Amino acid sequence: MNTPAPILPIAERGIVKEDFDAVLAPEITTALTENEVKQKGTIGGVEYKLTIRLTRWTGRTTPAQIVILSRLFWQVYPKMYSRFGAAGQSPTTITLDIENRGYGIAWNAGRLVHLHDGWLERCPEDFDCITHELAHAIQNGWNGQMLEFDGFIERFADACRYLYAFNGGEYNDKGWRMQTVESEPTREDSVRFLVWFDYFYSTKENDLLLNYFRVCHDEKYPKERWSEAWAEIFKGSALEGRSIDDIFAEYAASEFATLRTGTRRGPAPLLEKYDVRKNAR
Ligand SMILES: [Zn+2]
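Not measured: the values here are computed from a predicted model.

**Q** Help me out: how do you make sense of the domain arrangement of the protein chain in this one?
**A** When the parts come together, some accessible area is lost, and that loss is often what is quoted as the size of the interface. Along its sequence, the protein chain is organised into domain 1 (1–141) and domain 2 (160–281). Each side of the interface is counted separately: domain 1 has 19 residues, and domain 2 has 15 residues. Elements represented by at least two residues in the side of domain 1 that touches domain 2 include exactly α2 (63–88) and α4 (129–139). Broken down by element, the side of domain 1 that touches domain 2 gets its largest block of residues, 9 residues, from α2.

Following this line, the structure appears as structure tokens:
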């Protein structure tokens, strides 16, 4: 018989409650069990719970990286929830399972986010792959059949990855770029189009990205009726009454559509010119 070697309790493998307490707001409490980090806290009147499950953690993700993942959750998830959570009836309890098995990067299903234990060992700054997965949790099961293109599920998660990136893009913008209109030339594949109409046309009273979220989540329009969906999304804004093709053409012709977002080679031109994350704070 092949019995796996027993894994020591996480407290004996470098996971220290005080390391979380030192960097999280005092209203967020941390408790360790044998294999889990259990946290809870109330932010903006909503109680969130995060369990970091380490049953299949083999130490490839370092304890310091696990602390950053925890900080990321408590910074990013309540912000996304405060904007979209009511429309999505999104979960407030999330389990992050760091597993040395399964899909090599990360995935989401309902309240569960999987992160492969080897991913941050290989890409030590790719924390915001979890921002993307948390955006899927916020989506709470969009139905691809009721979207104009089922790729909208991933486009929205990537738009959130960019807009809500941990610490204003401290890690994300070094290694991950929001593509330009040259490589994502249609609304089916464009992440940046969502960011563009949110930046230029959302107002305090009329949040177009929230309208988009609601229309996608509520499954109001089958694919063939998405011209009506777009009309609903832009209703009451400066884009009202224009066709989606016309609006996309305005985006595609703009400077916003072409500026680089990565910071590996110096400051990102898009961010130097536009306060792109203003609606995501
Ligand atoms: Zn995804």
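**Q** Which parts of the structure should I look at to understand the nonpolar core?
**A** Side chains of nonpolar character tend, in soluble globular proteins, to be buried together. If you look at the biggest cluster of nonpolar residues, it comprises 75 residues, and the most contacted ones within it are F73, M80, L96, I130, L134, L194 and V195. A domain-level breakdown of this core finds at least three residues from each of domain 1 (1–141) and domain 2 (160–281). Not counting the four nearest positions on each side in its chain, M80 is found in contact with L134, A135, I138, C160 and Y164.

**Q** Where do I start with the sheet that holds strand β6 (residues 112–116) in this structure?
**A** By definition, the strands of a sheet pair up through backbone hydrogen bonds, in either a parallel or an antiparallel sense. Pairing within the open sheet is mixed, and its 6 strands lie in the order β1-β2-β3-β4-β6-β5. Of all the strands in the sheet, the pair left with one neighbour each is β1 (29–32) and β5 (106–109). Averaged over all adjacent pairs, the angle separating strand axes in this sheet is 15°, with direction ignored. Of the pairings in the sheet, the one linking strand β2 (residues 36–43) to strand β3 (residues 46–53) comprises 8 bridges and is antiparallel in character. Paired with T42 across the bridge in β3 is E47. Here α2 sits on the sheet and contacts β2, β3 and β4 (93–99); the angle it forms with β3, its principal contact strand, is near 150°. Sitting on the sheet, α4 touches β4, β5 and β6, and the angle it makes with β5 is about 15°.

**Q** Before we go on, may I ask you to explain the pairing of β3 in this structure?
**A** Counting the residues in the hairpin turn of β2 and β3 gives 2 residues, including G44, whose phi is positive at 60°. Judged from the 5 bridges that link them, β3 and β4 form a sheet pairing that is parallel. Paired with R53 across the two strands is D97, which belongs to β4. This β-α-β element, β3 to α2 to β4, shows left-handed connectivity.

Reading the values: rules and limits
Starting afresh in each chain, residues are numbered from 1 along the sequence in its written order. Restriction of local features to residues with pLDDT of at least 70 applies here, the model being predicted, together with a cutoff of 80 or more for giving and counting side-chain atom pairs; totals for whole chains, interfaces and linings are based on all residues. Boundaries between domains were set according to an automatic or database domain assignment. Note on contacts: residues are paired as contacts if their backbone-placed C-beta atoms lie within 7 Å. In DSSP terms, a helix is any run of H or I states spanning at least four residues, a strand is any run of E spanning at least two, and both are numbered starting from the N terminus. The term nonpolar core refers to a set of buried Ala, Val, Leu, Ile, Met, Phe, Trp, Tyr and Cys residues connected through C-beta atoms within 7 Å. Any residue whose C-beta has 12 or fewer other C-beta atoms within 10 Å is treated as exposed, any with 20 or more as buried, and any in between as partly exposed, C-beta atoms being built from the backbone. Should DSSP find at least two bridges between two strands, the strands are regarded as paired. Angular values range over 0 to 180 degrees, each being the angle between N-to-C directions of two axes fitted as lines to C-alpha atoms, with helices fitted over their stretch in contact. Here a crossover is taken to be right-handed if, once the strands point away from the viewer, the path from the first strand over the helix to the second is traced clockwise.

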